[in-house]
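# Summary of the model geometry
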Amino acid sequence: MTPDAGGVDAVIDALTAVFLVLGALMSLTATIGLLRFPDLMSRMHAATKPQVLGLFLLLVAIGLQMRQWWVWPVLVVAWIFQLLTVPVSAHMVGRAGYRTKHLHPELLSVDELEAVVRRSANDPGEPGSAVELDNVLGLGETGDGALRGTAGQNLDDRGDGRGDQGESKG
Amino acid sequence: MKDVVLIVTAVVLTVAAAGAIVRIAVGPSLLDRVLASDVLLGIVGAALAIDMAVNRHLNNLFLLVALTLIGFIGSVTVARFVADRRGQANDS
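Residues numbered from 1 in each chain as written. Chains lettered and ligands numbered in written order. Predicted model: local features only at pLDDT ≥ 70, side-chain atom pairs only at ≥ 80, totals over all residues. Heavy atoms only, no water.

Attention now goes to the overall build of chain A. A count of helical and extended segments in chain A gives seven helices and zero strands. In chain A, the succession of α and β elements from N to C terminus is α-α-α-α-α-α-α. Counting all 170 residues of chain A, 47% fall into the buried class. Looking at chain A alone, contacts between residues at least 24 apart form 50% of all its contacts between residues at least 6 apart. (Helix = DSSP H or I, 4+ residues; strand = E, 2+ residues; numbered from the N terminus. Buried < 20%, exposed > 50% of the residue type's maximum accessible area, 1.4 Å probe, protein only. Contact = heavy atoms within 4.5 Å.)

See the structure below:
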């Protein structure tokens, strides 16, 4: 930032200052949500959403300060990859949280996956069974059948003494 | 104005990083710690971006691009392999 700016430079500097402070506050928002929310799902929302907007504001601030044309494509690439990768990690963490039961069901307003799990427990072999469910959830290629314990069937299919899988619902 | 912006953002990011570290220490589950470390990585990226914007240099720009490119691999890997272990319900 230029110390004694006037005219357009002053406006750009003020805009940059606002963007920088707002972008830093987005990180603070993510941390506050991380500290105060009750379970993993809501913490996942708070941790993965505000920082994308915060990084966007900071990248715009860099572009405003540098004023070289070749900077903008690099900044756009950085933000697009942030937009592409953050939902992936949020989805993976949320799914792992559901499968390992790190959630409070009474705090959820809608749980669409529970109906699928219950249907697969009642009708084994039908479409929507545990193997189908693994395919739906995107783990079909690994073939570990990780939801079978939830569906209440094939509890010890690997025979490695995982008897504690059966105490789930279903 | 440059000093004011630097001080304000430094304080805000320090508080945010301290909170993320608290969440890493408290847990209670592994996925919470992974989420908090992701937030901490975002805070580091934000600090790099603020340094570049205030001091008008581009030394860290490609570090920032690489951060956004591969920063998600760690949390995805941990989330993929934590899905195999269960047995305790509702300990979050």
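To continue, consider the packing of aromatic side chains. Two numbers describe a pair of aromatic rings. These are the distance of the centres and the angle of the planes. A complete count under the given rule lists one aromatic pair over all chains for this structure. Ring centres of Phe 56 of chain A and Trp 79 of chain A lie 4.6 Å apart, and the angle between their planes is 40°; on these two criteria the pair is classed as tilted. Note that Phe 56 of chain A is positioned in helix α3 (residues 50-66) and Trp 79 of chain A in helix α4 (residues 71-99), a separation of 23 residues in sequence. On the basis of relative accessibility, which here comes to 32%, the residue Phe 56 of chain A falls in the partly exposed class. Positioned above the aromatic ring of Phe 81 of chain B is the side chain of Arg 80 of chain B, whose terminal nitrogen or guanidinium carbon lies 5.8 Å from the ring centre. (Phe/Tyr/Trp six-rings, centres within 6.5 Å; stacked < 30°, edge-to-face > 60°. Lys NZ or Arg CZ within 6 Å of the ring centre and 35° of its normal.)

The subject of this paragraph is the interface of chain B and chain A. On the side of chain A, 64 residues touch chain B, which itself brings 55 residues to the contact. When chain B packs against chain A, close to 5,100 Å² is buried across both sides, 69% of that on carbon and sulfur atoms. On inspection of chain B and its partner chain A, the count reaches one salt bridge. Among the ionic pairs, Arg 43 of chain A bridges to Asp 32 of chain B, the shortest N-O distance being 2.7 Å. (Buried area = accessible area lost by both parts, 1.4 Å probe. Salt bridge = Lys/Arg side-chain N within 4 Å of Asp/Glu carboxyl O.)

What follows deals with the pattern of salt bridges. Residue and element names in this part refer to chain A. Applying the stated rule across the entire model yields two salt bridges over all chains. In this structure, Asp 9 engages Arg 67 in a salt bridge whose closest nitrogen and oxygen atoms are separated by 3.0 Å. You can see Asp 9 sitting in helix α1 (residues 8-36) and its partner Arg 67 sitting in the loop between α3 and α4, a full 58 residues away along the chain. Residue classification places Arg 67 among the partly exposed positions, given a relative accessible area of 42%.

Summary statistics for chain A give a mean pLDDT of 75 and a share of 69% for residues scoring 70 or more. In the model, residues 140-170 of chain A has pLDDT below 50 throughout and makes 50 contacts with residues more than four positions away in sequence or in other chains. (pLDDT = per-residue confidence, 0-100.)

What follows deals with unusual backbone geometry. Even without a glycine there, the phi angle at Arg 67 of chain A is positive, about 55°. In this structure, Arg 56 of chain B is a non-glycine residue whose phi angle is positive, near 55°. When you line up the elements, Arg 56 of chain B lands in the loop between α2 (30-55) and α3 (61-70). By relative accessible area, Arg 56 of chain B is classed as partly exposed at 30%.

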